[in-house]
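Structural overview for review
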Amino acid sequence: MSTQLLVGGRIYSSSSPDATAMAVTDGTVVWLGAERPGRALHPDAEIIDLDGAFVAPAFVDPHVHVTALGLQLTGLDLSQANSLAQCLDLVREYAAAHSGTIIGDGWDETRWPEGRPPTVEEIDAAAGPGRAVYLSRVDAHSAVASTALLDAVAAVRAATGYTAGAPLRADAHHLVREAALDGLDRTQRDRARATALDYAAAHGVVAVHECAGPQISGRTDVRELLAFEHGVRVRAYWGEAVTSADEARALVGELGVHGLAGDLFVDGSFGSHTAWLREPYADRDTTGVSYLDAAAIAAHVRACTEAGIQAGFHAIGDAAIDAVVEGFARVAAELGAPAVATRGHRLEHAELLDAGQIAKLAEYGVIASVQPGFDAAWGGTEGMYATRLGAERAAATNPFAAMAAAGISLAISSDAPVTALNPWEAVRAAANHRTPGHHISPRAAFAAATRGAWRAGGVRDGIAGTLVPGAPADYAIWDTTELVVAAASDTVQRWSTDPRSRVPGLPSLDGGAELPRCLRAVRAGVTIYYAA
């Protein structure tokens, strides 16, 4: 057996909130406490001097698109473009320096003074004649493409979601996305994966959940990703509906995935006007797009429940969540709510939902994978959500406090590359929600990004995502300042801010506070990232 003794730090542990030392033996936390008894109990241990650093359970990001994130990090990142003109300049510069298909990601016309996406003609002019160009909107539910790429996809102009002069949506978008990604070779894909997973480790993330699917990245990508060797653990979900337990088992066996969940689309996104709403958008006469109805949802939940496989859906709009609730209700009526709840089925995003929907999802044991970064980027009275939905509906989005209060297990994620893979930013966004009353405490948000995220991936042993004796040694070491204990508001949980409560502190998550910097990330006792 080999033991490491971490000393001279600040350890985030519910069992030992005053701990300054931690012992790890063969990938398991075995002891926490003060340094002197730690040295006496483990005289032969390798000593790691923390020099005052903060040690906390490592993060898990339960909704990521690994290859897409890597392509953004290594390629044409349009997320920083502050205008249409700047976006086209970036395309022009990239085209001059690179050959082959151009894949860009992250543009958001709602932040531009021009207030509109690029046209096909503008893309053709920026990239040059004959270049295949695919530029995905920040939410990845619509895109613009060059003439050459459109001409290469024979069926696109007849597909649902194609309108001349407008961004591609729905089936038209999926067809063009598939064609663009098919232009990548294995070397490019592996480089993107390595970059994305290195980036995750450098941000204290030791595991990610890949949300793959036939309209997102394809079978080849998910197989390659699962075979790709890296210190960050990958759990893969596949978003394809099934109708029987045998079909569910066969699909999981064929792809090697861990569940039939993640981005199994019931609808799209607010930004692309494809989230499915009960009432039309405030700025366009449409109620969005419906990909699955309640019958198809029920068939998938029934099949996966009977097969013992975790199911789940992407649902953002209130009408989409209506369909999900109805689908679960039908299966619960047949098999019983406990049988459904024991599988820990998932719902991704779950942004616009009401109290009745929340109660039903809690009854069926549905785990919500939520993205506080969405609210930080697009929420508030002046944000994109208010433009798309109107102020009243926008204020109802992402009600984290109500969901948690009803007993829904929350797992905080990024949906990277849609928003940045930066867990501390996501935790801060959850604790500083733009709508009063929707936020959760920093401690609850941190738990949702650690323990809650492990639970969303089927690890329900009660200790994963914590630092207590017997827990896996999945942790990160952070350079940060003074630790604080913050309540969710000035009127609740004030007892927890009293030092006598022995509640462990966290770095300050106030809006202007500097967030922690990762010094080391460790999975199962093995260092997977070390800051130079």
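Scoring rules and cut-offs
- Residues numbered from 1 in each chain as written.
- Predicted model: local features only at pLDDT ≥ 70, side-chain atom pairs only at ≥ 80, totals over all residues.
- Heavy atoms only, no water.
- Helix = DSSP H or I, 4+ residues; strand = E, 2+ residues; numbered from the N terminus.
- Rg over C-alpha atoms; globule rule 2.2 N^0.38 Å.
- Buried < 20%, exposed > 50% of the residue type's maximum accessible area, 1.4 Å probe, protein only.
- Contact = heavy atoms within 4.5 Å.
- Polar contact = N/O pair within 3.5 Å; in protein donor to acceptor, adjacent residues only side chain to side chain.
- 1 Å grid on protein atoms, 1.4 Å probe; cavity = no way out; pocket = protein on both sides within 12 Å on 5 of 7 lines; lining within 4 Å.
- Points joined across faces, edges and corners; volume = space filled by probe spheres on them.
- Nonpolar A, V, L, I, M, F, W, Y, C, P; charged D, E, K, R; others polar.
- Domains from an automatic or database assignment.
- Expected span 1.5 Å × (residues − 1).
- Phe/Tyr/Trp six-rings, centres within 6.5 Å; stacked < 30°, edge-to-face > 60°.
- Pairing = 2+ DSSP bridges.
- Axes fitted to C-alpha atoms, helices over the stretch in contact; angles between N-to-C directions.
- Parallel < 35°, antiparallel > 145°, perpendicular 65-115°, else oblique.
- Core = buried A, V, L, I, M, F, W, Y, C linked by side-chain atoms within 4.5 Å.

The name given to the chain in an unreviewed UniProt entry is N-substituted formamide deformylase, with Nocardia cerradoensis as the source organism.

**Some points on the overall build of the chain**
Across its full length, the chain carries 20 helices and 24 strands. Computed over the C-alpha atoms, the radius of gyration of the chain is 23 Å, within 12% of the 24 Å expected from 2.2 N^0.38 for a compact globule of 532 residues. Judged by the C-alpha coordinates and their principal axes, the chain covers about 75 × 55 × 45 Å. Residues counted as buried form 56% of the 532 residues belonging to the chain. Counting contacts in the chain only where the partners sit at least 6 residues apart, residues at least 24 apart contribute 72% of the total.

**Focus on the side chain of Thr450**
For Thr450, the location among the structural elements is in the loop between α19 (442-448) and α20 (451-456). Of note is the side chain of Thr450, whose polar atom sits 2.7 Å from the backbone oxygen of Phe446. Here Thr450 is in contact with Pro57, Ala58, Phe59 and Gly465, once residues within four sequence places are set aside.

**Details of empty space enclosed by the protein**
Throughout the structure, instances matching the rule amount to four cavities of 30 Å³ or more. Taken as a whole, the largest cavity encloses approximately 290 Å³ of empty space. Surrounding the largest cavity, 30 residues form its lining, Asp139, Ala140, His141, Asp415 and Val418 being those nearest its centre. Sorting elements by how many residues they give to the lining of the largest cavity places helix α6 (residues 170-181) first, with three residues. A class-by-class count of the residues in the lining of the largest cavity yields 12 nonpolar, 11 polar and seven charged. Looking at which domains feed residues into the lining of the largest cavity, each of domain 2 (66-185) and domain 3 (261-457) supplies at least three.

**Examining helix α10 (residues 294-307)**
When the terminal C-alpha atoms of α10 are compared, their 20 Å separation across 14 residues agrees well with the 20 Å that a helix rising 1.5 Å per residue should span. Of all 14 residues in α10, 10 are buried, a share of seventy percent or more. Where α10 is buried, its residues contact α9 (245-255), β15 (259-260), β16 (310-315), α11 (318-335) and α12 (337-341).

**Regarding the packing of aromatic side chains**
As enumerated under the stated definition, the model contains 14 aromatic pairs in all. Both rings, one in Phe59 and one in Trp424, keep their centres 5.2 Å apart while their planes meet at 90°; by these two values the pair is edge-to-face. In this pair, Phe59 is assigned in strand β7 (residues 59-64) and Trp424 in helix α18 (residues 423-431), connecting sequence segments 365 residues apart. The same class applies to Phe59 as to Trp424, namely buried. Seen from their ring centres, Phe270 and Tyr385 are 5.1 Å apart, and the 75° between their planes marks the pair as edge-to-face. Note that Phe270 is positioned in the loop between β15 and α10 and Tyr385 in helix α15 (residues 384-389), a separation of 115 residues in sequence. One aromatic cluster is present, built from ring pairs that chain together Tyr12, Phe54, Phe59, Trp424, Phe446 and Trp478.

**Remarks on the sheet that holds strand β3 (residues 21-25)**
Think of a sheet as strands paired side by side through backbone hydrogen bonds, with each pair either parallel or antiparallel. Read across the open sheet, the four strands follow the order β4-β3-β1-β5; overall the sheet is mixed. Only two strands of the sheet have a single partner each, and these edge strands are β4 (28-33) and β5 (46-49). Direction aside, neighbouring strands of the sheet carry axes that sit 20° apart on average. For β3 and β4, the ladder comprises five bridges, and the chain directions are antiparallel. Looking at β4, one finds that Thr25 is bridged to Thr28.

**Points about the packing of helix α8 (residues 218-227) against α9**
It is at 10 Å that the axes of α8 and α9 come closest, and there the two elements cross at 60°. As far as their axial angle goes, α9 and α8 are oblique. Facing Arg219, Val222, Arg223 and Leu226 of α8, the residues of α9 in contact are Leu251, Glu254 and Leu255. In the contact of α8 with α9, the residues fall into four nonpolar, no polar and three charged.

**Details of the nonpolar core**
Residues Val208, Phe313, Val324, Leu361, Met403, Leu410 and Trp424 are the most contacted members of the largest nonpolar core, which totals 66 residues. The biggest single contributor to this core is α11, with eight residues. Taken domain by domain, the makeup of this core includes at least three residues from each of domain 1 (3-58 + 466-480 + 516-530) and domain 3 (261-457). Apart from the residues lying within four places of it in its own chain, the contact partners of Leu410 are Ala368, Val370, Phe400, Met403, Ala404, Ile440, Ala448 and Gly452.

**With respect to the sheet that holds strand β6 (residues 54-57)**
Judged by pairing direction, the sheet is mixed, and its five strands sit side by side in the order β2-β6-β20-β23-β24 without closing on themselves. Here the strands that pair on one side only, and so sit at the sheet edges, are β2 (10-11) and β24 (526-530).

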